[in-house]
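Fold and geometry: a report
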Amino acid sequence: MHPHELDLTKPIEDQGPLDVIIHKLTDVILEADQNDSQSLELVQRFQEYIDAHPETIILDPLPAIRTLLDRSKSYELIRQIEAYMQDERICSPPFMELTSACGEDTLQLIEKNGLAFPFICKTRVAHGTNSHEMAIIFNQEGLKAVHPPCVIQSFINHNAVLYKVFVVGESYTVVKRPSLKNFSAGISDRESIFFNSHNVSKPESSSVLTAAEVCLVPRASMTVSPSGFPYRAPLDKIEGVFERPNDDVIREISKALQQALGVSLFGIDIIINNQTGQHAVIDINAFPGYEGVSEFFTDLLNHIAAVLQGQAPEVTQLNRSKLLAEQTSGIMDERICCASTGCLSVMGKDSSWIVESETNSSVKLQHQRLGCNSAVSPSFQQHCVATLATKASSQ
């Protein structure tokens, strides 16, 4: 196996043959959608290579990446998966897309789609700095601050705990993060709360939105800006169900997404409804940062090996996606690894949840591996990990 970085400013044919291409092309895809000439050129060059080489495995398929970049599409996919699985342990938060300024019929549409106050407002694009800018809307007056196009999603009380699931093929790691505190159901006179989800759910987050007994509410006497003017006020207490996610549920959701999209490198944001104990998927991320996943590079190498040997269950889906779907975009990323066939296999399976204490407010749950285990050449593994770690550190 020989990994190397691709340069899409040069003919890809001269850099092959390539068996596997691992990419994170989200930035360039979005730029191409904005008609950036350089990004469009990279898209075209990469797409031409994919069309000419259907035998090359793409991790992950470009149509799937486009789906995950669109919150409206990914939420609809989750809703369909929930309906198909018919698992009472899973719930899909009601959502709808707002494409124009809120009018007289907006409240009726919100009710028709099963939403109720409070709900959370997010950008439709699920990538980039702006994608983390969100708002909690408590009443009709708060709708005036909504700027379409955007997606609104019912807010589910979850006792301020978010579980980030990082998937690499047949392996995944669950990391516990801080999240938004509970809010009373129904319409209230609260002012809308604007926040950055990246800051709220960082391991070291100390946001008043996640503090045990306070919340962020703009002063009624002040002009409300996008960032708000905070003061401390009583917050609804932690109540109801407070438990960890079920391993079987995490596994089934991950497998369902893999089968539906043919993806193998993705993240799932899950919360536990504090009234029902149900698992709610509130976001899906294409090739996340894998922060706190110490086994990432090892898992990645083993997944590449499994894909090349045809052992990964999603390989069939990956190839089917490439051959049947018209991949309308594709671009390079600096994190690309190409590998030829070798004697490799996937890692073994761990059984139970184990909580490991981490610094600050982040807790990592047991790293899960599915399949059988076989060793990778130590020298090759060391080389690949060093190469990929260098590139990843620059992302």
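**Quick word on the overall build of the protein**
Secondary structure assignment for the protein yields ten helices and 17 strands. Relative to its 395 residues, the protein shows a buried fraction of 54%. Taking contacts inside the protein between residues at least 6 apart in sequence as the whole, the part at least 24 apart equals 73%. Counting only carbon and sulfur atoms, one obtains 50% of the accessible surface of the protein, whose full area is about 18000 Å².

**Quick look at the packing of helix H1 (residues 26-33) against helix H2 (residues 37-52)**
A pair of packed helices is captured by two measures, namely the crossing angle of their axes and the spacing between those axes. At a closest axis distance of 8 Å, the pairing of H1 and H2 adopts a crossing angle of 115°. Crossing of H1 against H2: the hand is left-handed. Contact with H1, carried on its side by Val-28, Glu-31 and Ala-32, involves Ser-39, Leu-40, Leu-42 and Val-43 of H2 and no other residues of that element. Split into classes, the residues belonging to the contact of H1 with H2 amount to five nonpolar, one polar and one charged.

**Regarding the packing of aromatic side chains**
Each aromatic ring pair is characterised by the separation of its centres together with the angle its planes make. Tallying each qualifying case throughout the model produces nine aromatic pairs. Pairing Phe-138 with Phe-183 gives two aromatic rings, centres 5.3 Å apart and planes at 70°, and the pair type is edge-to-face. In this pair, Phe-138 is assigned in the loop between strand E6 (133-137) and strand E7 (150-154) and Phe-183 in the loop between strand E9 (171-178) and strand E10 (193-196), connecting sequence segments 45 residues apart. Taken as a pair, Phe-138 and Phe-183 share a single burial class, namely buried. A centroid spacing of 4.4 Å and a plane angle of 25° characterise the contact between Tyr-290 and Phe-296, whose relative ring orientation is stacked. Residue classification places Tyr-290 among the buried positions, given a relative accessible area of 5%.

**Digging into H2**
Compared with the 22 Å implied by 1.5 Å per residue over 16 residues, the 23 Å span of H2 between its first and last C-alpha is a close match. Buried residues of H2: Ser-39, Leu-42, Val-43, Phe-46, Gln-47, Tyr-49 and Ile-50, and no others. The buried residues of H2 occupy an angular sector of 160° when projected down its axis, which confines them to one face. Relative to its buried face, H2 has exposed residues pointing more than 90 degrees away, namely Ser-37 and Asp-51. Among the structural elements, strand E1 (20-22), H1, strand E2 (57-59) and helix H3 (62-68) are those in contact with the buried residues of H2.

**Let's talk about the sheet that holds E7**
What the five strands build is an open sheet, ordered E4-E7-E5-E6-E10; its pairing is antiparallel. Each having just a single partner strand, strand E4 (95-98) and E10 make up the two edges of the open sheet. Pairwise comparison of adjacent strand axes, ignoring direction, gives a mean angle of 25° for this sheet. The pairing of E4 with E7 spans four bridges and is classified as antiparallel. Pairing of Leu-98 across the sheet is with Cys-150, part of E7. Lying on the sheet, helix H4 (residues 71-85) is in contact with E4, strand E5 (119-123), E6 and E7; it crosses E4 at an angle near 160°.

**Considering the pairing of E7**
Most of E7 is tucked away, with five of its five residues classed as buried. Looking at chain direction, E5 and E7 are connected through five bridges and run antiparallel. What sits directly across from Phe-119, in E7, is Ser-154.

**Focus on the packing of H4 against helix H7 (residues 247-261)**
The N-to-C vectors of H4 and H7 enclose an angle of 115°; their axes lie 11 Å apart at closest approach. H4 and H7 meet at a crossing whose hand is right-handed. Only Glu-252, Ile-253, Ala-256, Leu-257, Ala-260 and Leu-261 of H7 make contact with H4, whose side of the interface consists of Leu-77, Ile-78, Ile-81 and Met-85. The residue inventory of the contact of H4 with H7, partitioned by class, reads nine nonpolar, no polar and one charged.

**Some remarks on the pattern of salt bridges**
Pairs can form between side chains of opposite charge whenever their charged atoms are close. The tally for this structure, following the rule as stated, stands at 14 salt bridges. For Arg-71, the salt bridge goes to Asp-283, with nearest N and O atoms at 3.0 Å. Here Asp-283 lies in strand E14 (residues 279-286) and Arg-71 lies in helix H4, a separation of 212 residues in the sequence. Residue classification places Asp-283 among the buried positions, given a relative accessible area of 7%. Ionic pairing is found between Lys-144 and Glu-141, a salt bridge with its closest N-O pair at 3.2 Å. Counted as one network, the salt bridges with shared partners bring together Asp-70, Glu-97 and Arg-124.

**Re the nonpolar core**
Core analysis: the biggest nonpolar cluster contains 43 residues, and Phe-46, Val-165, Ile-253, Leu-257 and Ile-268 have the highest contact counts within it. Of the residues forming this core, the biggest block, six residues, is contributed by H7.

**A closer look at the environment of Ser-131**
Turning to its location among the elements, Ser-131 is positioned in the loop between E5 and E6. For Ser-131, a relative accessible area of 4% translates into the label buried. With 66 residues separating them along the chain, Ser-131 and Ser-197 place their C-alpha atoms 8.7 Å apart. Those residues in contact with Ser-131 that lie beyond four places of it in its chain are Arg-71, Thr-123, Val-125 and Ala-126.

About the cut-offs
Residues numbered from 1 in each chain as written. Predicted model: local features only at pLDDT ≥ 70, side-chain atom pairs only at ≥ 80, totals over all residues. Heavy atoms only, no water. Helix = DSSP H or I, 4+ residues; strand = E, 2+ residues; numbered from the N terminus. Buried < 20%, exposed > 50% of the residue type's maximum accessible area, 1.4 Å probe, protein only. Contact = heavy atoms within 4.5 Å. Areas by Shrake-Rupley, 256 points an atom, 1.4 Å probe, with all protein chains shown as cover. Axes fitted to C-alpha atoms, helices over the stretch in contact; angles between N-to-C directions. Left-handed = near helix turned anticlockwise from the far one by under 90°. Nonpolar A, V, L, I, M, F, W, Y, C, P; charged D, E, K, R; others polar. Phe/Tyr/Trp six-rings, centres within 6.5 Å; stacked < 30°, edge-to-face > 60°. Expected span 1.5 Å × (residues − 1). Arc of directions from axis to C-beta. Pairing = 2+ DSSP bridges. Salt bridge = Lys/Arg side-chain N within 4 Å of Asp/Glu carboxyl O. Core = buried A, V, L, I, M, F, W, Y, C linked by side-chain atoms within 4.5 Å.

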